[in-house]
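# Summary of structural features
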Amino acid sequence: SAVISQKPSRDICQRGTSLTIQCQVDSQVTMMFWYRQQPGQSLTLIATANQGSEATYESGFVIDKFPISRPNLTFSTLTVSNMSPEDSSIYLCSVDGGGAGETQYFGPGTRLLVL
Amino acid sequence: EDQVTQSPEALRLQEGESSSLNCSYTVSGLRGLFWYRQDPGKGPEFLFTLYSAGEEKEKERLKATLTKKESFLHITAPKPEDSATYLCAVQASGSRLTFGEGTQLTVNP
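Below or above, wherever it landed, is the structure these notes cover. (Residues numbered from 1 in each chain as written. Chains lettered and ligands numbered in written order. Predicted model: local features only at pLDDT ≥ 70, side-chain atom pairs only at ≥ 80, totals over all residues. Heavy atoms only, no water.)

### A short note on the nonpolar core
Residue and element names in this part refer to chain A. Judged by nonpolar contacts, the single largest core of 26 residues is most densely connected at Trp34, Ile46, Phe66, Ile68, Leu78 and Tyr91. Broken down by secondary-structure element, the contributors of at least two residues to this core are β3 (19-25), β4 (31-37), β5 (43-50), β8 (75-80), β9 (89-96) and β11 (110-114). For this core, the leading source of residues is β3, giving 4 residues. (Core = buried A, V, L, I, M, F, W, Y, C linked by side-chain atoms within 4.5 Å. Buried < 20%, exposed > 50% of the residue type's maximum accessible area, 1.4 Å probe, protein only. Helix = DSSP H or I, 4+ residues; strand = E, 2+ residues; numbered from the N terminus.)

### Some words on the pairing of strand β4 (residues 32-38) of chain B
All names here are of chain B. With 7 of 7 residues buried, β4 lies mostly within the body of the structure. Of the two faces of β4, the one lined by Gly32, Phe34, Tyr36 and Gln38 and the one lined by Leu33, Trp35 and Arg37 are each fully buried. Where β4 and strand β9 (residues 84-91) come together, 7 bridges link them in antiparallel fashion. Bridging from a neighbouring strand, tryptophan 35 pairs with cysteine 88 of β9. Strand direction decides the pairing type here: β4 and strand β5 (residues 45-50), joined by 5 bridges, are antiparallel. Across the sheet, phenylalanine 34 pairs through a bridge with threonine 49, a residue of β5. In this antiparallel pair of consecutive strands, β4 and β5, the connection spans 6 residues, and glycine 41 shows a positive phi of 75°. (Pairing = 2+ DSSP bridges.)

### Considerations on the state of the cysteines
By definition, a disulfide links the sulfur atoms of two cysteines through a covalent bond. Overall, the coordinates contain 2 disulfides over all chains when judged by the stated rule. Residue pairing for Cys23(A): its cysteine sulfur links by disulfide to Cys93(A), the two sulfurs lying 1.9 Å apart. Since a negative S-S torsion denotes a left-handed disulfide, the Cys23(A)-Cys93(A) link at about 65° is right-handed. With Cys23(A) in strand β3 and Cys93(A) in strand β9, this residue pair connects regions lying 70 residues apart in the sequence. Residue Cys23(A) shares its accessibility class with Cys93(A), and that shared class is buried. The residue that forms a disulfide with Cys23(B) is Cys88(B), at a sulfur-sulfur distance of 1.9 Å. Negative torsions about the S-S bond denote left-handed disulfides, and the value of about -60° found for Cys23(B) with Cys88(B) makes this one left-handed. Of this pair, Cys23(B) sits in strand β3 (residues 19-26) while Cys88(B) sits in strand β9, placing them 65 residues apart in sequence. Owing to a relative accessible area of 0%, Cys88(B) belongs among the buried residues under this scheme. Free of any disulfide, Cys13(A) has its nearest neighbouring cysteine sulfur in Cys93(A), separated by 18 Å. (Disulfide = S-S within 2.5 Å.)

### Focus: the sheet that holds β8(A)
Backbone hydrogen bonds are what pair the strands of a sheet, in a parallel or an antiparallel way. All names here are of chain A. One open sheet accounts for 4 strands, arranged β1-β3-β8-β7; its pairing is antiparallel. Each edge of the open sheet is held by one strand with a lone partner, namely β1 (4-7) and β7 (68-72). Each strand of the sheet is rotated relative to its neighbour by a mean of 15°, with strand direction disregarded. (Axes fitted to C-alpha atoms, helices over the stretch in contact; angles between N-to-C directions.)

### Digging into the interface of chain A and chain B
Quoted interface sizes are often the accessible area lost when the parts come together. With 22 residues of chain A at the contact, the number on the chain B side is 19 residues. In this assembly, chain A packs against chain B so that about 1600 Å² is buried in total across both faces, 49% of it on carbon and sulfur atoms. On inspection of chain A and its partner chain B, the count reaches 1 salt bridge. Notably, a salt bridge pairs Arg96(B) with Glu58(A), separated by 2.7 Å at the nearest N-O pair. (Contact = heavy atoms within 4.5 Å. Buried area = accessible area lost by both parts, 1.4 Å probe. Salt bridge = Lys/Arg side-chain N within 4 Å of Asp/Glu carboxyl O.)

### Things to note about the pattern of salt bridges
Taken as a whole and assessed by the stated rule, the structure comprises 6 salt bridges over all chains. Measuring nitrogen to oxygen at the nearest pair gives 2.7 Å for the salt bridge that ties Lys65(A) to Asp87(A). Separated by 22 residues along the polypeptide, Lys65(A) in the loop between β6 (56-57) and β7 and Asp87(A) in the loop between β8 and β9 bring together distant segments of the chain. The partner of Glu56(B) in a salt bridge is Lys63(B), and the shortest N-O contact between them spans 3.3 Å. On the basis of relative accessible area, Glu56(B) is assigned to the partly exposed category, the value being 48%.

Below is the structure:
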């Protein structure tokens with residue numbers, strides 16, 4: 001399984017500011033995903049990021065609010081823009097090989113608190 | 001729309017008291033059903049993937065089974081270190097996973 005790291009592990013931010021979260025994988029992967037886990041809730045997919053193409057966003061999530069970069073096969077960033085307290089969540093990246101039924105492995109998450 | 005419902009929301013067991021967690025799903029064309037364990041403040045840890053009805057997988061005290069409508073995670077003689085939230089997810093179209101709300105398991109010594 002892939003080893004995934006995220007930076008920062010946690011942060012406290014002021015409303016109106018932006019935070020960029022980094023996700024690094026120890027091997028080349030086709031698909032990278034970004035999820036949000038709000039307090040006490042399960043995971044919701046924000047977007048899918050493939051290298052060399054624009055990210056695909058799920059319903060309710062837009063590029064202006066959550067811009068994503070995928071410059072190579074081992075790295076991706078998610079920016080949470082113009083933050084409000086409602087953005088306080090754990091943000092998780094995950095990876096899989098891109099095939100049907102392939103297992104997704106998750107990073108440790110970034111815990112964000114917006115004041 | 002894919003739907004996943006997990007029950008119970010919370011389960012408290014005594015050490016050694018076996019039980020089962022349920023994951024009911026509605027999906028068009030199941031490509032895989034996944035079980036994860038999540039400890040507080042950490043990312044989900046992969047446990048099992050099931051692909052077709054009748055399939056079973058085991059790991060230590062855990063056994064996952066799959067039917068056409070639901071999956072069960074059986075925990076045999078649990079220990080306090082099995083305390084965690086257990087998440088079920090399904091994959092249908094593409095690679096996206098749809099998660100259930102999870103079952104928070106507490107095992108008391």
